[in-house]
Amino acid sequence: MAQNNLARNLTEQPQPYVSSPDQAKVKRVSIAKALKLSSFEKLLIVCGSAVLTVLMLVVVSSKIALSNSQHELQHLDNQVVTVRTSNTNLKQQIGELQSSTRLDKIAHKSGMSLSNANIRNVTK
């Protein structure tokens, strides 16, 4: 008999919630007027603009200096290649002028002869 109170039969149905448009609150947003800048803020803006302008000029001038340096480097590289080519050509001419066949021809024209007994080979 004590078990009759354990389970109850509820027949109540939940009420659906219906919101009415009258209850919705309309938020009014007011547009604030623009605040005036103080003298410190104006000074800060002017100084910031000046610093920004100076930095832009520094960047542009450094780019120009870099471009000029690259141009000079390329010019010097071209000069180095020209001098190396000239040196190679001069070494080749020295080798041709020191050749033994040429020296023999000049010696025969001058009436000289080559004696192999008097020749010594010296290596560095």
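All values derive from a computational prediction rather than experimental measurement.

1. Digging into the overall build of the protein chain
Okay, step 1: A tally of helices and strands in the protein chain yields two helices and zero strands.
Okay, step 2: The proportion of buried residues among the 124 residues of the protein chain is 1%.
Okay, step 3: Taken as a whole, the protein chain presents about 13,300 Å² of accessible surface, with 59% of it coming from carbon and sulfur.

2. A short note on the UniProt feature "transmembrane region" (unreviewed entry) in the protein chain
Okay, step 1: Per the UniProt record, "transmembrane region" (unreviewed entry) is found at residues 43–66.
Okay, step 2: Measuring from the first to the last C-alpha atom of residues 43–66 gives 34 Å, for a span that is 100% helix and 0% strand.

3. Considerations on helix α2 (residues 100–109)
Okay, step 1: Counting buried positions along α2 yields one of ten residues, so the element is predominantly exposed.
Okay, step 2: Just downstream of α2 lies G111, where phi reads positive at about 85 degrees.

Cut-offs applied
Residues numbered from 1 in each chain as written. Predicted model: local features only at pLDDT ≥ 70, side-chain atom pairs only at ≥ 80, totals over all residues. Heavy atoms only, no water. Helix = DSSP H or I, 4+ residues; strand = E, 2+ residues; numbered from the N terminus. Buried < 20%, exposed > 50% of the residue type's maximum accessible area, 1.4 Å probe, protein only. Areas by Shrake-Rupley, 256 points an atom, 1.4 Å probe, with all protein chains shown as cover. UniProt positions renumbered as here; feature names shortened; annotations may be inferred.

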